[in-house]
Structures are given as structure tokens and as C-alpha cells.
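# A structural walkthrough
The lines below spell out each chain.
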Amino acid sequence: MTTSPLKLREIYGQQGFLSALPVLTDAELKEARDAFSELEARFGTLRVVTAILGPDVILLDSRFICKYPAISPDGTSGKNGLPYVAWHQDMRYWGIAGGPVLSVWLALDDSMKENGALQVIPGTQCAGMLPHRQAIRPGNMLTVNQEIPDELVQASEAVLCPLLAGQMSIHDGVLVHASDTNASTKRRCGFVIRYVPTCAYPVEDPDRPRKFLAATLACGEDRFNHFSGKAA
């Protein structure tokens, strides 16, 4: 990566996302793919994360997300109600306040329009939190089935974030984003990592208690201890 941390921070502040960042070598990509097959993986701290969040960072959550092909190699179509991700904001989804959420998508497969790549609406991280409701369309991969109402989403301004395997994208927790169904013959698998600065804290919500038992200090010092295994 040749772009300086200062420049990355400037671009991220203006647009709310960075995309097509090279991360993995071919050997590392193979190792990550093997890890997906075994449901285990180990990843180190990313320099671009501290460039945006500062030196004290908590790894809030990490998981594999995979959209399998809708069309088999023989041309047979899959079932209706294919998985997709509705327009949403991660800050609302995760229930975090006091500091930004930074979400990383590390591509283990090529992530293109045809197999449901990430779409973002640049600049929406500056517009604040939008209302969310229960999604109407079936197949939403968000576990609480949230979506931003269509009338509040400027979908015509959406930007696709295609990635080659081994690249990553990052986006702000208030940035409006989504992804379509995988309408191709190719799998789309990625490793999602979410980071917060140590000053961030979970929002108390009795209607949707959240646990962050896997949260761990990724780098720096945690003077707040907001994620010491407590429910939110």
C-alpha cells in the first residue's frame, strides 16, 4: 500500500469508505480460504484501521459471510428469495455509540456486481442516523431484518465496490450500504471484521440485548473497559 495514512484518512473522511485495498498475497489468500473451510482463521492488525480510528482500537466482531451462487454450473437456477443485504447503517445494527464503527470486508473470493458486491452511498456518513424498519422483501441477511425505507435512500447515487480476492474495503458505521443477491455461478465469500475505538460503548436496548463477548483489544490501550464481556 503506497498511499499515506494521512491521505487515507482524508479520503475516508470525505467519502465514508475505501475500496480495493490490497491486503493478502496469493499464499495468504490460500491460507484464508483454507481457514474458511475449517471455520477458523487468524488475522493481524490492519494499518489502515489505526489511520482512521486512532491508536486504541477494539476488534468488536469478526465472521465469515458467504453468498452462494444462484445458478449452478449446469445453468440450473436456485430458489426464490435469494439472500441479499438491505440498505442499512452498521451503527444502528450493532447498537454502538460514543465512537465510530469501522467495518472491513476482506474478500476471499472476487466480489463483483454479478455475485452481489457491496454498494455504498458516498457521503451519507455525514447525514446522521436514519430510521430503520422491518424489511418487506424476503431474504434479508441481517439477523434482525432491518432496512432503511426506500424513500430515504438515494439509490441512484449508489457506488459499487468491486474487489478482487485478497483486497479489502472499509466503510464507516453510519454510511448507508447494501448488497444485492448473488445471481452468478460464483461464490462470494468474505471475512468481515468490525473495529471501534476504545471510547465507543454499547447502547442499552432491552428490546434487543447484544453481547460482545468476543470483543478484544486489537492495539493500543483500553482506558474505558466498555466491552468487558457485558451485554448491551
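Keep in mind it's a predicted model, so treat the numbers as computed, not measured.

This brings us to the layout of surface pockets. Counted as a void, the largest pocket has a volume near 400 Å³. Taken together, 22 residues form the lining of the largest pocket, with I65, V85, W105, V192 and R194 sitting closest to its centre. Within the residue set of the lining of the largest pocket, elements represented by two or more residues are β2 (57-67), β3 (85-88), α4 (90-94), β5 (102-107), β11 (177-179) and β12 (188-197). Residues belonging to the lining of the largest pocket are distributed by class as follows: 11 nonpolar, six polar and five charged.

In spatial order, the strands read β1-β10-β5-β12-β2-β14; together these six strands make up an open sheet with antiparallel pairing. Across the chains shown, the open sheet's two edge strands, defined by having one partner strand only, are β1 (17-22) and β14 (216-219). Here the strands of the sheet are splayed against their neighbours by 30° on average, with no regard to which way each runs. Pairing geometry for β2 and β14, over three bridges, is antiparallel. By the bridge assignment, V57 is partnered in β14 with C219. Lying on the sheet, helix α1 (residues 5-15) is in contact with β1, β5 and β10 (167-172); it crosses β1 at an angle near 135°.

Our focus in this paragraph is the environment of K7. If you trace the backbone, K7 turns up in helix α1. By relative accessible area, K7 is classed as partly exposed at 38%. C-alpha of K7 to C-alpha of A51: the two residues are 44 residues apart in sequence and 9.3 Å apart in space.

With that settled, the discussion passes to the environment of A200. Position of A200 among the secondary structure elements: in the loop between β12 and β13 (201-202). Relative accessible area serves as the criterion here: at 0%, A200 is assigned to the buried category. Put simply, A200 and N225 are 25 residues apart on the chain and 9.7 Å apart in space, counted from C-alpha to C-alpha. Leave out the neighbours within four places in its chain, and A200 touches I96, A97, G98, G99, H226 and F227.

Across the sheet, which stays open at both edges, the four strands sit in the order β3-β11-β6-β9 with antiparallel pairing between neighbours. Edge positions in the open sheet fall to β3 and β9 (159-160), since each of these has one partner strand only. Bridge count between β3 and β11: two bridges; the pairing is antiparallel. Looking at β11, one finds that H88 is bridged to H177.

With that settled, consider the environment of E157. With respect to the element layout, E157 can be found in the loop between β8 (146-147) and β9. Once you skip the residues sitting within four places of it in the chain, E157 turns out to touch V120, I121 and P122.

So, about the side chain of D172. In this structure, D172 sits in strand β10. An unpaired buried charge is present at D172: no salt bridge exists, and R9, the closest side chain of opposite charge, is 10 Å distant.

Note that soluble globular proteins tend to have their nonpolar side chains buried in a common cluster. Membership of the largest hydrophobic core comes to 26 residues, with the highest contact counts inside it found for V48, V49, L102, V104, I170 and Y195. Contributing elements (two or more residues each) for this core: α1, β1, α2 (26-38), α3 (47-53), β2, β5, β10 and β12. Apart from residues lying up to four places away in sequence, I170 is in contact with Y12, G16, F17, L18, V48, I52, L102, S103 and V104. Among the nonpolar cores identified, the runner-up in size contains 15 residues, and V85, M91, I96 and V101 belong to it.

Scanning the model with the defined rule gives four salt bridges in all. Among the salt bridges present, the one from R63 reaches D61, with a minimum N-O distance of 2.9 Å. The class for D61 is buried, based on a relative accessible area of 12%.

Conventions adopted
Residues numbered from 1 in each chain as written. Predicted model: local features only at pLDDT ≥ 70, side-chain atom pairs only at ≥ 80, totals over all residues. Heavy atoms only, no water. 1 Å grid on protein atoms, 1.4 Å probe; cavity = no way out; pocket = protein on both sides within 12 Å on 5 of 7 lines; lining within 4 Å. Points joined across faces, edges and corners; volume = space filled by probe spheres on them. Helix = DSSP H or I, 4+ residues; strand = E, 2+ residues; numbered from the N terminus. Nonpolar A, V, L, I, M, F, W, Y, C, P; charged D, E, K, R; others polar. Pairing = 2+ DSSP bridges. Axes fitted to C-alpha atoms, helices over the stretch in contact; angles between N-to-C directions. Contact = heavy atoms within 4.5 Å. Buried < 20%, exposed > 50% of the residue type's maximum accessible area, 1.4 Å probe, protein only. Lys, Arg positive; Asp, Glu negative; His and termini not counted. Salt bridge = Lys/Arg side-chain N within 4 Å of Asp/Glu carboxyl O. Core = buried A, V, L, I, M, F, W, Y, C linked by side-chain atoms within 4.5 Å.

This is a description of form; function is not addressed.
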